[in-house]
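# Descriptive structure summary
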Amino acid sequence: MRKNTLKLGIACISLGLLCGCNQKKQVDYTNQTNQDTVELEENTPEEIPVDAEEGICPEILNYQIHGEQSDVIVIAKTKVPRNYSRCPIVEFTTSPIEDKDILAYADMIFDKDSHFLYMPYDNEQIAELKNKLTNIKDETEDEELKAFIEEYHLPNMDLRLQNLSGQSDTISGEYKFYSVANADINNTGGITVYNGGNEYIDACGLAGTIDGEYYTMNFQRAGNNSCLLLDRMDNICSVNDAGSECFEVKLNGNPCTYTQEEAQELAQEFVEKLGYDNMTVIQNNTAQKYNPNFDLEYYGEESTIIDGYNIYFARGYEDYSLAFNSMYFEGWLSGAYVFDEDGNMMIGSYQNPEYIRVYVDSQGVCQLELWNPWEEKGIIADSPNMIDFEDVDEIAKNEFENYTDNYISDYTIDEVVLGYTVVRDGDSVTLVPAWYYYADIYDETDINFFKNARVIINALDGTVEHSFRY
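Residues numbered from 1 in each chain as written. Predicted model: local features only at pLDDT ≥ 70, side-chain atom pairs only at ≥ 80, totals over all residues. Heavy atoms only, no water.

Glancing now at the overall build of the chain. Check the secondary structure of the chain and you find six helices and 21 strands. Counting only residues that meet the buried cut, the chain has 54% of its 470 residues in that class. Intrachain contacts of the chain at a sequence separation of at least 6 include 73% that bridge at least 24 residues. Total accessible area on the chain stands at roughly 20400 Å², and carbon and sulfur atoms take up 43% of it. (Helix = DSSP H or I, 4+ residues; strand = E, 2+ residues; numbered from the N terminus. Buried < 20%, exposed > 50% of the residue type's maximum accessible area, 1.4 Å probe, protein only. Contact = heavy atoms within 4.5 Å. Areas by Shrake-Rupley, 256 points an atom, 1.4 Å probe, with all protein chains shown as cover.)

Helix length check: helix 6 (residues 389-406), at 18 residues, gives a terminal C-alpha distance of 26 Å against a target of 26 Å (1.5 Å per residue), a fit within 8%. All buried positions along helix 6 are accounted for by Phe389, Val392, Asp393, Ala396, Lys397, Glu399, Phe400, Glu401, Asn402, Tyr403, Thr404 and Asp405. (Expected span 1.5 Å × (residues − 1).)

This paragraph deals with a negative patch on the surface. The grouping of Asp211, Glu261, Glu262, Glu265, Glu269, Glu272, Asp277 and Glu376 at the surface amounts to a negative patch. By the secondary structure assignment, Glu261 is in helix 5 (residues 260-273). (Patch = residues over 30% accessible without salt bridge, like charges linked within 9 Å, V, L, I, M, F, W, Y side chains within 5 Å. Salt bridge = Lys/Arg side-chain N within 4 Å of Asp/Glu carboxyl O. Lys, Arg positive; Asp, Glu negative; His and termini not counted. Charge placed at Lys NZ, Arg CZ, Asp CG, Glu CD.)

Here the focus is the nonpolar core. Among the nonpolar cores identified, the biggest contains 103 residues, and Phe400, Trp435 and Tyr437 are the most heavily contacted of them. With nine residues, the single largest contributor to this core is strand 19 (residues 428-439). In contact with Trp435, other than residues within four places in its own chain, are Ile56, Cys57, Val80, Phe389, Val392, Val416, Val417, Leu418, Val455, Ile456, Ile457 and Ala459. Counting twelve residues, the second largest nonpolar core, distinct from the first, contains Tyr118, Ile126, Ile136 and Leu154. (Core = buried A, V, L, I, M, F, W, Y, C linked by side-chain atoms within 4.5 Å.)

Our focus in this paragraph is the confidence of the model for the chain. With 74% of its residues at a pLDDT of 70 or more, the chain shows a mean pLDDT of 80. Contacts of residues 1-53 to residues separated by more than four positions or lying in other chains number 142 contacts, the stretch itself having pLDDT below 50. Low pLDDT, under 50, characterises residues 183-198; the stretch is placed with 60 contacts to residues that sit more than four places away or in other chains. (pLDDT = per-residue confidence, 0-100.)

Take the pairing of strand 3 (residues 60-66) next. Side chains on a regular strand alternate between the two faces of the sheet. Of all seven residues in strand 3, five are buried, a share of seventy percent or more. Judged from the seven bridges that link them, strand 3 and strand 4 (residues 71-79) form a sheet pairing that is antiparallel. Bridge pairing in strand 4 places Ile60 opposite Lys77. (Pairing = 2+ DSSP bridges.)

Moving on, we come to the side chain of Asn235. Relative to the helices and strands, Asn235 resides in the loop between strand 10 (225-232) and strand 11 (238-241). Within the local environment of Asn235, its side chain forms a polar contact with the side chain of Asp361, the two groups lying 3.3 Å apart. (Polar contact = N/O pair within 3.5 Å; in protein donor to acceptor, adjacent residues only side chain to side chain.)

Mapped onto the fold, Gln125 is located in helix 2 (residues 123-139). The residues contacting Gln125, other than those within four sequence positions of it, are Ile171, Ser172 and Gly173.

All right, on to the pattern of salt bridges then. Enumeration according to the criterion identifies 18 salt bridges in this entry. The partner of Glu415 in a salt bridge is Lys79, with the nearest N and O atoms 3.5 Å apart. Note that Glu415 is positioned in strand 18 (residues 411-425) and Lys79 in strand 4, a separation of 336 residues in sequence. Side by side, Glu415 and Lys79 carry an identical accessibility label, which is buried. Among the ionic pairs, Arg232 bridges to Asp361, the shortest N-O distance being 2.8 Å.

What follows deals with unusual backbone geometry. In the Ramachandran plot, Asp113 falls in the positive-phi region, its phi being about 60° despite a non-glycine side chain. Along the chain, Asp113 turns up in the loop between helix 1 (99-109) and strand 6 (116-117). Classification of Asp113 by relative accessible area gives exposed; the value is 70%. Even without a glycine there, the phi angle at Glu318 is positive, about 50°. Inspection of the secondary structure puts Glu318 in the loop between strand 13 (302-317) and strand 14 (320-321).

As a further point, take helix 1. Among the residues of helix 1, Asp101, Ile102, Tyr105, Ala106 and Ile109 are the ones counted as buried. Looking straight down helix 1, one finds that the buried residues subtend no more than 135° of arc, so they occupy a single side. (Arc of directions from axis to C-beta.)

Attention shifts here to the packing of aromatic side chains. In this structure the tally under the stated criterion is 15 aromatic pairs. Ring centres 6.1 Å apart and planes at 40° place the aromatic pair Tyr105 and Phe219 in the tilted group. With Tyr105 in helix 1 and Phe219 in strand 9 (residues 213-222), this residue pair connects regions lying 114 residues apart in the sequence. Accessibility expressed as a relative area gives 12% for Tyr105, which makes it buried. (Phe/Tyr/Trp six-rings, centres within 6.5 Å; stacked < 30°, edge-to-face > 60°.)

Turning to its location among the elements, Ile75 is positioned in strand 4. Judged by its relative accessible area of 23%, Ile75 is partly exposed. The sequence separation of Ile75 and Leu61 amounts to 14 residues, and the corresponding C-alpha distance is 5.7 Å.

So, in structure tokens, the structure goes:
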């Protein structure tokens, strides 16, 4: 049985900062530019190709680091922006979602006068909301919407009624954040279930129509993160990125009625509803959807199907955009994979970058997530000087050497990409160019798709922005 709980538990994999070590190592490497001499996997459908500009770095990196505990093998394609010398350095301030933003987003996205508060009210308000949901069910010709109102939304109201005594704030009916229990938040279909506990988050839930179709819109805020979660009311599901070895993908491919390109166009239209004109697609993955089986029990056993695409958007300027890194785009409400110098997990200290994920299934846009909005302050530089790639690669080799002396698991670097990374200074956020050394993207055992960088190196000064171990 699968529980749709907050993704905090995923963060407890042993990710942390890699400590340096200056021991010498046997380094056997040759840079190769002839692709025929190296056995590499072809691009998967999930990848978005970027044309490399000749001369900045080799097309292929091929070397090995042999350490006391493990090996790192580098057999990697390199990808850089088409016009790599034009790289705006852009500064932002973080702009967490506040009370005033809730109504603004609702008016921006929902049809005029269609939205209403969907929160755990008092008895009278819950009864009124149940009547509203019942009227929607009786009036709609959408059989899926009828079923989900009957089997999910109405029982959800009953559950909330049972747990009102556990709330720390009285829900007045205003469009604002309320402090609500966070013991078991099931972010399923955008409907947040509260069943008491010792931890609290700020939240506000709405519902309304977009082009006549009903959606729920949930706002959540905790620790350093705030988000908007939009879900079609007729589809209660959670979604993962599917890997190439997923059984359903190998058996049937992606049966979505929309092509990948069509799904991307639909997603772009929704992103524009949020007022963004400088968001670009950084990843488009086949999506694996988990639907609860209401015949068994509340949240019961789930069925898994492949249907549609997860499309990720982030800031883009010129030919640069924030590089995709799966762990940064998981949607953590509370971060748990940041460690201090002593290896202690710093719960709540991690902050997602600003990004948008749109899930498109065979019926259209099913979900949208907006995390941690930024406000642009300005462009600091248009064409900054970057250090030579040879120097970057030497820094990466040093990180690999440190790893192979101290950790026992081998890994393979199979892609090296130049894109933006995030540099933070308090509430200030700056997008700067960085080199991402991605590991094991083409793992033949992958059921879910993951693309994570082992090392991220600032292309301006060689700072190691991130160096992870598992």
